[in-house]
Amino acid sequence: MCNAVIEGNADGARALAEALIASEAELLPAVERGFVAGIRRVGELWDEGEYFLPELVQGAEAMKAAMDVIRPALAAAHQTQSTRGRIVLGTVEGDLHDIGKSLVGVLLSANGFEVHDLGASVSIDRFLAKAEEIDADIVAASALLTTTMEEQARLVDAVRRTAGRTRRVLLGGAPTSRVWAEKLGAAHAENALHAVEVAAELMR
Ligand code: B1M
């Protein structure tokens, strides 16, 4: 799984994802050890100057091909029936990374949250408008670039100005941390499973 992503082999990644589902192994740990480890390695190779943009894009496409196969099975495996809260989710404006954010969305929905995923590069206005429209309990925002983390700070501020403390903000993404989120007055989750835990806590 790891190698299919590193090699940017979308067909291979798709086939391995199908085999993983057929094997009835526990999906999330296998995805983390395999495909996610692969895409992280792609990031390291880019860092080391071994990979250039085409390889980064091909790795991401292989990762997405695998996730398209796995997403429904992952959702079914974690499915609960109750509605635990309404969440508007997106990656902040200027940031196109959406693989981790989508994984977070799948697990939140599968665990009973009503998730409105606005996709990647979402403006603050779109976050706010959707949150108003559905009367969201939580606005959840991902950022993968150190430069777009600042957009998370502006979002927290905008949510506070429009909804006070009645609407909570959940932040995540590789360069973010609990310290960063707490400094802004928001909650933070390290990964997709942790996001479910933190969202449940915010609803208490
Ligand atoms: Co880019 N990229 N990328 N990239 N990319 C990173 C982030 C980078 C660290 C690579 C590197 O240099 N090592 C680097 C950022 C450096 C920095 O800011 N310090 C980088 C760069 C520089 C760039 C470009 C600027 C490159 C360029 O064009 N010169 C460019 C920026 C484009 C833009 O956004 N404007 C760019 C483009 C791309 C692609 C489009 C090619 C592709 C994204 C495709 C897509 O997402 N559709 C891509 C990829 C794939 C990566 C890496 C390799 C992998 C990201 C990923 O999907 N990880 C990444 C390197 C890395 O992360 N090690 C890199 C797997 C995913 C499951 O993990 O997203 O961390 P992650 O999500 C986790 C947790 O973080 C958490 O849960 C998830 C599951 O466990 N989480 C949340 C995430 N969001 C959350 C939200 C929550 C809670 C938890 O609550 C709301």
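## Thoughts on the overall build of the protein chain
Then, number 1: For the protein chain, the count of helices and strands is 9 helices and 5 strands.
Then, number 2: Helices and strands in the protein chain line up, N terminus first, as α-α-α-α-β-α-β-α-β-α-β-α-β-α.
Then, number 3: Here the C-alpha atoms of the protein chain give a radius of gyration of 17 Å, agreeing with the 17 Å that 2.2 N^0.38 yields for 204 residues.
Then, number 4: For the protein chain, the residues scored as buried account for 48% of the 204 residues in total.

## What to know about the site of the ligand
Then, number 1: Around the ligand, the surrounding shell holds 36 residues, and the nearest of these are Leu96, His97, Asp98, Ser142 and Thr146.
Then, number 2: Within the contact set of the ligand, an oxygen atom lies 3.1 Å away from a side-chain nitrogen or oxygen of Asp47.
Then, number 3: At 2.7 Å from a nitrogen atom of the ligand is found a side-chain nitrogen or oxygen belonging to Asp98.
Then, number 4: At the level of secondary structure, the elements contributing two or more residues to the shell around the ligand comprise helix H3 (27-47), helix H4 (53-77), helix H5 (99-110), strand S3 (138-142) and strand S4 (168-172).
Then, number 5: By residue number, the principal contributor to the shell around the ligand is H3, which donates 7 residues.
Then, number 6: No fewer than three residues from each of domain 1 (1-81) and domain 2 (82-204) sit in the shell around the ligand.

## Re H5
Residues three or four positions apart in an α-helix share a direction because the helix packs 3.6 residues into each turn.
Then, number 1: Taking 1.5 Å as the rise per residue, H5 with 12 residues should run 16 Å; its terminal C-alpha atoms sit 17 Å apart, in good agreement.
Then, number 2: Burial runs high along H5: 9 of the 12 residues are buried.
Then, number 3: The complete set of buried residues in H5 reads Lys101, Ser102, Leu103, Val104, Gly105, Val106, Leu107, Leu108 and Ala110.
Then, number 4: Once H5 ends, the next one or two residues include Gly112, with phi positive near 95°.

## Comments concerning the domain arrangement of the protein chain
Then, number 1: What the domain assignment lists for the protein chain is domain 1 (1-81) and domain 2 (82-204).
Then, number 2: Distance between the C-alpha centres of domain 1 and domain 2: 23 Å.
Then, number 3: At the junction of the two partners, domain 1 supplies 12 residues and domain 2 supplies 12 residues.
Then, number 4: Summing both partners gives a buried area of about 1,100 Å² for domain 1 against domain 2, and 68% of it is carried by carbon and sulfur.
Then, number 5: There are 1 salt bridge connecting domain 1 and domain 2.
Then, number 6: Residue Lys64 pairs with Asp98 through a salt bridge whose shortest N-O separation is 3.2 Å.
Then, number 7: Where domain 1 touches domain 2, the interface holds 1 residue pair in polar contact (both at pLDDT 80 or more).
Then, number 8: With 7 residues, H4 is the largest single contributor of residues to the side of domain 1 that touches domain 2.
Then, number 9: Its residues assigned to classes, the side of domain 1 that touches domain 2 shows 6 nonpolar, 4 polar and 2 charged.

Rules used in this analysis
Residues numbered from 1 in each chain as written. Predicted model: local features only at pLDDT ≥ 70, side-chain atom pairs only at ≥ 80, totals over all residues. Heavy atoms only, no water. Helix = DSSP H or I, 4+ residues; strand = E, 2+ residues; numbered from the N terminus. Rg over C-alpha atoms; globule rule 2.2 N^0.38 Å. Buried < 20%, exposed > 50% of the residue type's maximum accessible area, 1.4 Å probe, protein only. Near = heavy atom within 4 Å. Polar contact = N/O pair within 3.5 Å; in protein donor to acceptor, adjacent residues only side chain to side chain. Domains from an automatic or database assignment. Expected span 1.5 Å × (residues − 1). Contact = heavy atoms within 4.5 Å. Buried area = accessible area lost by both parts, 1.4 Å probe. Salt bridge = Lys/Arg side-chain N within 4 Å of Asp/Glu carboxyl O. Nonpolar A, V, L, I, M, F, W, Y, C, P; charged D, E, K, R; others polar.

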